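Fold and contact review
Residues per chain, in single letters:
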Amino acid sequence: MKKEMSKHETDYIKKYEGEGYTSNFLFDNNSLIDSETKQVYKPEDITIVAHHRYEGMSDPDDMSILYVIETKDKIKGTHLIGYGPTADLEEAEFFKDIPEENYAQNSDINELT
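We now turn to the structure provided with this report.

The rules behind the values
Residues numbered from 1 in each chain as written. Predicted model: local features only at pLDDT ≥ 70, side-chain atom pairs only at ≥ 80, totals over all residues. Heavy atoms only, no water. Helix = DSSP H or I, 4+ residues; strand = E, 2+ residues; numbered from the N terminus. Contact = heavy atoms within 4.5 Å. Core = buried A, V, L, I, M, F, W, Y, C linked by side-chain atoms within 4.5 Å. Buried < 20%, exposed > 50% of the residue type's maximum accessible area, 1.4 Å probe, protein only. Arc of directions from axis to C-beta. Phe/Tyr/Trp six-rings, centres within 6.5 Å; stacked < 30°, edge-to-face > 60°. Lys NZ or Arg CZ within 6 Å of the ring centre and 35° of its normal.

**Side note on the overall build of the chain**
The number of helices and strands found in the chain is two helices and seven strands. Sequence-ordered secondary structure for the chain, helices as α and strands as β, is β-α-β-β-β-β-β-β-α. Long-range pairs, those at least 24 residues apart, make up 57% of the contacts in the chain with a sequence separation of at least 6.

**With respect to the nonpolar core**
Leu 32, Ile 46, Ile 48, Tyr 67, Ile 69, Phe 94 and Phe 95 are the most contacted members of the largest nonpolar core, which has 15 residues in total. Of all elements in the fold, only strand S2 (23-28), strand S5 (46-55), strand S6 (63-71) and helix H2 (89-96) reach the threshold of two or more residues within this core. Ile 69 has contacts with Tyr 21, Phe 25, Leu 32, Ile 46, Thr 47, Ile 48, Val 49, Ile 75, Lys 76, Gly 77, His 79 and Phe 95, leaving out every residue within four places of it along the chain. One finds Tyr 16, Ala 50, Tyr 54 and Leu 66 within the second-largest nonpolar core, a separate group that totals seven residues.

**Points about the side chain of Asn 102**
Within the secondary structure, Asn 102 is located in the segment after H2. Beyond its immediate sequence surroundings of up to four residues, Asn 102 is in contact with Pro 43, Glu 44, Ile 46, Thr 47 and Ile 48.

**Focus: helix H1 (residues 9-18)**
By the burial criterion, the buried members of H1 are Glu 9, Tyr 12 and Tyr 16. The buried residues of H1 occupy an angular sector of 70 degrees when projected down its axis, which confines them to one face. Turned more than 90 degrees from where H1 packs its buried face, Lys 14 and Gly 18 sit exposed. One or two steps after H1, the chain reaches Gly 20, where phi turns positive at roughly 100 degrees.

**Considering the side chain of Glu 70**
Looking at the secondary structure, you find Glu 70 in strand S6. Discounting chain neighbours no more than four positions away, the residues touching Glu 70 are Tyr 21, Asp 45, Ile 46, Thr 47, Val 49, Ile 75 and Lys 76.

**A closer look at the environment of Pro 43**
As for its placement among the helices and strands, Pro 43 is situated in the loop between strand S4 (40-41) and S5. Along the primary structure Pro 43 and Asn 30 are separated by 13 residues, whereas in three dimensions their C-alpha atoms are 9.0 Å apart.

**Concerning the environment of Glu 9**
With respect to the helices and strands, Glu 9 occurs in helix H1. What Glu 9 contacts, discounting residues up to four positions off in sequence, is Tyr 54, Ser 64, Leu 66 and Leu 80.

**With respect to the packing of aromatic side chains**
Counted by the stated rule, this structure contains six aromatic pairs. Seen in terms of ring centroids, Tyr 16 and Tyr 21 are 5.9 Å apart; in terms of plane orientation they differ by 85 degrees. Their pairing is edge-to-face. Its relative accessible area of 5% is what places Tyr 16 among the buried residues. Measuring from centroid to centroid gives 5.3 Å for Phe 94 and Phe 95, while their planes differ by 75 degrees, and the two rings are edge-to-face. This pair shows no difference in class: Phe 94 is buried, exactly as Phe 95 is. Each residue in the set Phe 27, Tyr 67, Phe 94 and Phe 95 is aromatic and connected to the rest through ring pairs, giving one cluster. Residue placement shows Lys 15 over the ring face of Tyr 16; its charged tip is 4.3 Å from the ring centre. Taking NZ or CZ as reference, Lys 76 lies 5.1 Å from the ring centre of Tyr 21, over its face.

Structure, rendered in structure tokens:
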């Protein structure tokens, strides 16, 4: 995964919302939860369609990853996590536990350009 400097997270969130990725997922109790339906998902229930990594221009500690997600029951949405010194280790571990086969072939959008 390469870092992106060209766009802010909200630019991509809006782009993906326009493509039907409208659900917002929250992390709680070692699960992702659809903020609207309250449906709970474990790592094996998640497919990563794309992910984008960001570093703050003025603050190198301001680092995040935007995950574009589709669930086993076809819910599409996004989830933004911090990484680096401010990362939630349990949340980072959740994403590490998503099976490799659940990552789309071109999930790292930066590898395409």
